[in-house]
Amino acid sequence: MINKILRKFRRSNNTITSSETNAPVKTTSEEEEHHEWDRPIEFVFSLISNSVGLGNVWRFPYLAARSGGGAFLIPYFVLYFLIGAPLYYLELALGQFSSRGPATAFILAKGWQGVGFAMIINSVLCMLYYNVVISWALFYFISSFRKRLLWSDCGHWWNTVRCFVPGDRGTTYTINGTTFNCTKLQYQNPIQHQCTVINLTDRITATEEFYYNLLLQKSKSFDDFGTPTLYMALSLLVSWVIVCLCIIKGVKTSGKVAYFTAIFPYVVLLILIIYTSTLSGAVDGVKFYIIPKWELVGDFKTWQAAASQVFFSLGLSFGSLMAYSASNKFDNNFFKQMCIVVSCDCLTGVFAGFAVFATIGFLAKALNETVEKYAASSGPGLAFITYPEAISNMPASPFFAIIFFLMLLALGLGSQFALTDVPITSLVELFPRLKKKRPIAVVITCVISYLISITFTCPGGIYFFELLQEYSANTSMLVVGFFEVIVISYIYGFNRFMNDVEMMLRKRAAEYYLFLTWYISAPLLIIIITITKLISAEPIKLGAGGGFPEYIFPRWSTILGWFIFVFCIIPIPLVFLVNYIKECLSLRAAKRNPKSPIQNNVPKPIYLHALTENNSPSEDWGPKRKENQIGLYQRKKEPFDNHGIPLEILTGDSDRRKELSNNEQY
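From a predicted model like this one, the values you see are computed outputs, not experimental measurements.

**Q** Can you help me understand the overall build of the protein chain in this one?
**A** For the protein chain, the helix and strand inventory stands at 28 helices and nine strands. Within the protein chain, buried positions represent 58% of all 666 residues. A separation of at least 24 residues holds for 81% of the contacts in the protein chain among residues at least 6 apart in sequence. About 28400 Å² of surface is accessible on the protein chain, with carbon and sulfur atoms providing 63% of the total.

**Q** So what exactly am I meant to see when it comes to the packing of aromatic side chains here?
**A** The geometry of an aromatic ring pair is captured by the separation of the ring centres together with the interplanar angle, meaning the angle of the planes. Within the structure shown, the criterion is met by 56 aromatic pairs. Ring geometry for W136 against F465: centres 5.3 Å apart, planes inclined by 40°, an arrangement best described as tilted. In this pair, W136 sits in helix α7 (residues 114-143) while F465 sits in helix α21 (residues 461-471), placing the two residues 329 residues apart along the sequence. Residues W136 and F465 agree in their burial class; the two are buried. Relative to F464, the ring of F456 lies with its centre 5.2 Å away and its plane at 20°, an arrangement referred to as stacked. Under the relative-accessibility criterion, F456 is labelled buried at 5%.

**Q** It is not clear to me how the side chain of S392 should be interpreted in this structure. Could you clarify?
**A** Residue position: S392 is located in helix α18 (residues 383-392). With a relative accessible area of 6%, S392 lands in the buried category. At 2.8 Å, the side chain of S392 and the backbone oxygen of E389 are in polar contact.

**Q** Looking at this structure, I do not really get the state of the cysteines. What am I missing?
**A** Throughout this description, disulfide means a covalent bond between two cysteine sulfur atoms. Summed over the entire model, instances satisfying the criterion amount to one disulfide. Each sulfur in the disulfide pair C154 and C163 lies 1.9 Å from the other. Taking the torsion about the sulfur-sulfur bond, which here is approximately -85°, the covalent link between C154 and C163 counts as left-handed.

**Q** What is the right way to read the nonpolar core from this model?
**A** Burial of nonpolar side chains together is a common tendency in soluble globular proteins. Formed by 184 residues in total, the largest nonpolar core has its most connected members in Y88, Y89, W136, Y211, F384, L408 and W518. Considering every element that reaches this core, the biggest residue donor is α7, with 19 residues. Ignoring sequence-local partners within four residues, the contact set of W136 consists of Y211, L215, L216, M232, F384, I462 and F465. In this structure, Y580, C584, L587 and I606 belong to the second largest nonpolar core, which totals five residues.

**Q** Help me understand the pattern of salt bridges in this model?
**A** Pairing is possible between side chains of opposite charge, provided their charged atoms come close. Applying the stated rule across the entire model yields seven salt bridges. For E583, the salt bridge identified is with K110, shortest N-O distance 3.3 Å. Of this pair, E583 sits in helix α25 (residues 571-592) while K110 is found in the loop between α6 (102-105) and α7, placing the two residues 473 residues apart along the sequence. Residues E583 and K110 agree in their burial class; the two are buried. The salt bridge involving K110 is made with E613; its shortest N-O contact spans 3.4 Å. Pair noted here: K110 is in the loop between α6 and α7 and E613 is in helix α26 (residues 606-614), with a separation of 503 residues, a long-range link.

**Q** How do you make sense of helix α12 (residues 282-290) when you look at a structure like this?
**A** Taken as a whole, α12 has its buried residues at A282, G285, F288 and Y289. Taken down its axis, α12 places every buried residue within 125° of arc, on the same side.

**Q** Looking at this structure, I do not really get the UniProt feature "binding site: Na(+)" (unreviewed entry) in the protein chain. What am I missing?
**A** The UniProt entry lists V52, N56, S313, L411 and S415 under the feature "binding site: Na(+)" (unreviewed entry), expressed in the numbering used here. These annotated residues cover 364 residues of sequence, and their C-alpha atoms lie no more than 11.5 Å from one another, placing them together at a single site. Inspection of the secondary structure assignment puts V52 in the loop between α3 (40-51) and α4 (54-66). Excluding residues within four positions of it along the chain, V52 makes contact with L47, Y266, C344, D345, T348 and L411. One can find L411 in helix α19 (residues 397-430). Among all residues touching L411, those that are not within four sequence positions of it are S49, V52, G53, L54, V57, Y130 and P265.

**Q** Which parts of the structure should I look at to understand unusual backbone geometry?
**A** The bulk of non-glycine residues show a negative phi, and the bulk of peptide bonds are trans. The backbone of S99 sits at a positive phi, close to 55°, despite the residue not being glycine. Topologically, S99 is positioned in the loop between α5 (70-98) and α6. The backbone of A510 sits at a positive phi, close to 55°, despite the residue not being glycine. Relative to the elements of secondary structure, A510 occurs in the loop between α22 (475-505) and α23 (511-535).

**Q** Please clarify how the confidence of the model for the protein chain should be interpreted in this entry.
**A** Parts of the prediction with low pLDDT should not have their coordinates interpreted in detail. Chain-level statistics for the protein chain give a pLDDT mean of 79 and a share of 80% at 70 or above. In the model, residues 637-666 has pLDDT below 50 throughout and makes 40 contacts with residues more than four positions away in sequence or in other chains.

**Q** Explanation requested: a nonpolar patch on the surface in the structure shown.
**A** Among the surface-exposed residues, F300, L516, I520, L524, I527, I528, I531 and I535 lie close enough to one another that they form a single nonpolar patch of about 740 Å² accessible area. Broken down by element, the residue count for the nonpolar patch peaks at seven residues, all from α23. In this fold, F300 is placed in helix α14 (residues 300-314).

**Q** Even after reading the chapter, I still don't get helix α9 (residues 206-216), so can you show me in this structure?
**A** Helical periodicity: at 3.6 residues per turn, an α-helix aligns residues three or four positions apart in one direction. Taken across its 11 residues, α9 has 10 buried, putting it largely inside the fold. At the C-terminal side of α9, Q217 shows a positive phi close to 50°.

**Q** Even after reading the chapter, I still don't get the packing of α22 against α23, so can you show me in this structure?
**A** Pairs of packed helices are described in terms of their axes, by the angle between the two and the distance that separates them. For the pair α22 and α23, interaxial distance at closest approach is 9 Å and the crossing angle is 155°. Put simply, α22 runs roughly antiparallel to α23. Regarding α22 and α23, the two cross each other, and that crossing is left-handed.

**Q** Could you clarify how one ought to interpret the environment of A383 in this entry?
**A** Looking at the secondary structure, you find A383 in helix α18. Taking the C-alpha atoms as reference points, A383 and R59, 324 residues apart in sequence, are found 8.1 Å from one another. Filtering out sequence-adjacent residues up to four positions away, A383 remains in contact with V57, W58 and P388.

Conventions used here
- Here the residue index of a chain counts from 1 through its sequence in written order.
- Only residues with pLDDT of 70 or above have their local features reported here, since the model is predicted, and side-chain atom pairs are shown and tallied only from 80 upward, although totals for entire chains, interfaces and linings are computed over all residues.
- As a convention, hydrogens and water are excluded, and side-chain values are obtained from all of the structure's heavy atoms.
- A helix here means a DSSP run of H or I that spans at least four residues, while a strand means a run of E at least two residues long, and both kinds are numbered starting from the N terminus.
- Each residue is assigned to one of three classes by its accessible area relative to the maximum for its type, calculated with a 1.4 Å probe on protein chains only: buried under 20%, partly exposed between the two thresholds, exposed over 50%.
- Contacts between residues were defined by any pair of non-hydrogen atoms, one from each residue, lying within 4.5 Å.
- Where accessible areas are quoted, they stem from the Shrake-Rupley method and a 1.4 Å probe; at the residue level, only the protein chains shown are allowed to cover.
- Here the aromatic set is Phe, Tyr and Trp, taking the six-membered ring for Trp, and pairing holds for ring centres within 6.5 Å; pairs whose planes are under 30 degrees apart are stacked, those over 60 apart are edge-to-face, and all others are tilted.
- Under the rule applied, a polar contact is a pair of N or O atoms within 3.5 Å (in protein, one hydrogen donor and one hydrogen acceptor; residues adjacent in sequence only if both atoms are side-chain atoms).
- Pairs of cysteine sulfur atoms within 2.5 Å are what we label disulfides.
- Nonpolar cores were defined as sets of buried Ala, Val, Leu, Ile, Met, Phe, Trp, Tyr and Cys residues, with membership established by side-chain atoms within 4.5 Å.
- Here, a salt bridge means any Lys or Arg side-chain nitrogen found within 4 Å of an Asp or Glu carboxyl oxygen.
- What the arc measures is the spread of directions leading from the helix axis to the C-beta atoms.
- UniProt positions are given in the numbering used here, feature names are shortened, and annotations may be inferred rather than shown by experiment.
- Each residue carries a pLDDT score, the predictor's own confidence in it, on a scale running from 0 to 100.
- Only residues above 30% relative accessible area that lack a salt bridge enter a patch, with like-charged residues linked at up to 9 Å and the nonpolar side chains Val, Leu, Ile, Met, Phe, Trp and Tyr linked at up to 5 Å.
- Note on geometry: axes are C-alpha line fits, over the in-contact stretch for helices, and angles between N-to-C directions span 0 to 180 degrees.
- Angles below 35 degrees are treated as roughly parallel, those above 145 as roughly antiparallel, those between 65 and 115 as roughly perpendicular, and all remaining angles as oblique.
- The sense of a crossing depends on the near helix, which, turned anticlockwise from the far helix by less than a right angle, makes the crossing left-handed and, turned clockwise, makes it right-handed.

And the structure:
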């Protein structure tokens, strides 16, 4: 019943005519309305915007701080070279060759289409919480249009008696060994000012209280979830409206926006790095960042964090790379573009880390703490504490705050465009009739996404945010990446895929490097990291910080997290099993049919033959666009009758029948 409905939705009335036979040749509305990038540079900038995103400025410093600073960089670079770049190549090549997104690209091995569906699920879940981070940046951006930044001092309704301002702007006064939360003049005028004794080792910076108490209005536990808060809910709404408007026309609009989102962040980061290097204590923070602790380099947790960052930063296992490259010209030199983007992405995270850790050193000194202790206590909002603190110390701080958070918006939106485009592209691929109604599909997707992600705006939403980040776009990305490389290298065939690459580039680009990484290093490293992560799994823990004590997530949340993880990868075995059963039933029915050629030509038992068929390409596999169906894929250009049977078979050309039969076996 479901298959009948899908066929009805997919059916197209469009036909083209063969120039040789005047017979109708099957085509689809997808082909006629296929979107392409106006210029290759727009594709490159869109890839940079997708990969060089908040993951570099927000997530990279957070994971580096949690994993020992310099100890994080070594596995990060190693995994980038042995896993990240090869998988990036794979996804770009697969998308460009087939002109398909993740929903249909894996028909190159019929039983493994679940890999593409798992990508879509990963993309959707990441899309939901990633836009929350963008809404944080939007809130800071709007709050920056003031003469004095709201997080630059205490005394607001969200501040507590433990609030203080680090550095020269401090508002503390010490007398006889006792410290008060006021200036000397305020202390000498007790009638107008009520000074309170504070503990120098138990203070909270104004930037931390702005983030935790005003923006998040964070609760003390996951169980105390609460209802959506006004500021967060409005910021998130505006964020989804921006995303909707920018992708509503597809790559034609998002490609133009990429000119700004790709270049502007580097200018701002450079300014920020130059200034933070002058802060007191910055040297200690940078030392912690670049000098590795060798005992942590051998810790599997460090490698696990580095692997998740490589996947997250490059956008691997989300399907966004396939969705973007599917809009390329068939002969586009994606290999050259990949080298540029991967280099930019790898170095941008390291580049941004200098600004973060210089500020961490400054804050640690102001709090009389070690850099290691302050870094370890920082949560996912680290970038929204350290960067604002650094900016508030700068002259003309409102101006720099505006351009910095505009930069964060640019970085975040570039990646969010790609993530949101994945489910929309997939819907259009599965149901071509939606092609002409893409704007409606975009609006509906954004509205539903907002209604779901509004849970993150509750006081306990930050705990759900951390849970989803840990269990969805983390280990599940590694599992999907493992099956990607196994399907291409071992099931479809490395040599066959490199032949496909040669059709596009006229060469087998980086063949030996890819053979080493796809066949050996990538699957081996991924499976080792994944297994060790699963074995060493423990409840999520948030370090003490911002006035909140250390928090260990309740047991029920851990169970929920594992359900999320299974949900992310379940399409892989499920689709394989369903398709295998269908192949078995189909072969059994064909064998019982006395007129079927299969009856006497099955070389092995049905269950083994079905397995072979399950790992074979679909009849539709190959370049989607007719002009690119050459060589071994030229059979798809044959004129068909109304039932999809090649006319030359019906007319009795025996030599041509044999040729078509050989091609079918391929």
